[in-house]
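# Structural features, examined
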Amino acid sequence: KNGLNGSSCNVLPVTKDGEVILVVQPRVHIKNGVGVEIPAGLCEDGEDPLETIKRELLEETGYTTSNDKFIHLAKCYQDEGCSSAISNFFLATDCEKVTEQHLDEDEFISLFKCTVDEAYELIDLGYIDGAFSMLSFEKARKYLNK
């Protein structure tokens, strides 16, 4: 994708008020055509995963953490049988809006905020159905229940 190996980073952002920030965007390969998911993006060549996720969070949402606190939740191959691409998963706490979105010209992203409990309900109801978003919520559960 874009000449890169497909490695990506995903972030579960939570505001100072305890709301989860989700992105809603067109997804041509899924049945309903729209994905409700956590912010994510491709790693540039040689880019550190933490730098990738800081950049993507700011670009896609206009939010960042006030305390620069990103918790690394997990790292895994996307499909070890087909690719060397790796995905990293982060939790960002105490997020606050600092700018407007800065989307690529082919990105169409709306933001959606909800409580942590509502996000888990959206997973149970099948509205959040991407593996990376679901894995992030599961890996973050111990931090979100505090």
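Residues numbered from 1 in each chain as written. Predicted model: local features only at pLDDT ≥ 70, side-chain atom pairs only at ≥ 80, totals over all residues. Heavy atoms only, no water.

### Examining the overall build of the chain
- Helices and strands together make up the secondary structure of the chain, namely three helices and eight strands.
- Shown N-terminal to C-terminal, the secondary structure of the chain runs as helices and strands in the order β-β-β-β-α-β-β-β-β-α-α.
- Expected size for 146 residues packed as a compact globule is a radius of gyration near 15 Å; at 14 Å, the chain falls within 12% of this value.
- In terms of its C-alpha atoms, the chain occupies a principal-axis envelope of roughly 40 × 35 × 30 Å.
- Looking at the chain residue by residue over its 146 residues, the buried ones come to 41%. (Helix = DSSP H or I, 4+ residues; strand = E, 2+ residues; numbered from the N terminus. Rg over C-alpha atoms; globule rule 2.2 N^0.38 Å. Buried < 20%, exposed > 50% of the residue type's maximum accessible area, 1.4 Å probe, protein only.)

### Describing the nonpolar core
- Counting residues in hydrophobic clusters, the biggest one holds 21 residues, and the most contacted among them are Leu12, Val20, Leu22, Leu91, Ile128, Phe137 and Leu144.
- Looking at this core, the elements that each hand over two or more residues are β1 (8-15), β2 (19-26), β6 (70-77), β7 (86-97), α2 (116-124) and α3 (131-144).
- In terms of residues, this core owes the most to one element, α2, which gives five residues.
- Aside from chain neighbours lying at most four places away, what touches Leu91 is Val11, Leu12, Val14, Lys69, Phe70, Ile71, Leu73, Ala140, Tyr143 and Leu144.
- In this structure, Val11, Ile21, Cys43 and Cys95 belong to the second largest nonpolar core, which totals 11 residues. (Core = buried A, V, L, I, M, F, W, Y, C linked by side-chain atoms within 4.5 Å. Contact = heavy atoms within 4.5 Å.)

### Digging into the pairing of β1
- Burial runs high along β1: eight of the eight residues are buried.
- Side-chain alternation along β1 places Ser8, Asn10, Leu12 and Val14 on one buried face and Cys9, Val11, Pro13 and Thr15 on a second face that is also buried.
- As defined by bridge partners, β1 adjoins strand β4 (residues 40-42) across three bridges and the pair is classed as antiparallel. Residue pairing across strands places Ser8 opposite Leu42, the latter belonging to β4. (Pairing = 2+ DSSP bridges.)

### A word on the pattern of salt bridges
- Evaluated as defined, the whole model comprises nine salt bridges.
- A salt bridge links Glu96 to Lys16; the shortest N-O distance between them is 3.4 Å. Note that Glu96 is positioned in strand β7 and Lys16 in the loop between β1 and β2, a separation of 80 residues in sequence.
- We note a salt bridge from Lys113 to Glu19, for which the minimum N-O separation is 3.9 Å. A residue pair is termed long-range when its members are at least 10 positions apart, and Lys113 in strand β8 (residues 110-115) and Glu19 in strand β2 qualify at 94 residues.
- Using a relative accessible area of 27% as the deciding quantity, one classes Glu19 as partly exposed.
- Among the ionic contacts, a cluster of salt bridges with common partners joins Glu47, Arg55, Glu56 and Glu59. (Salt bridge = Lys/Arg side-chain N within 4 Å of Asp/Glu carboxyl O.)

On their own, these measurements won't tell you what the molecule is for.
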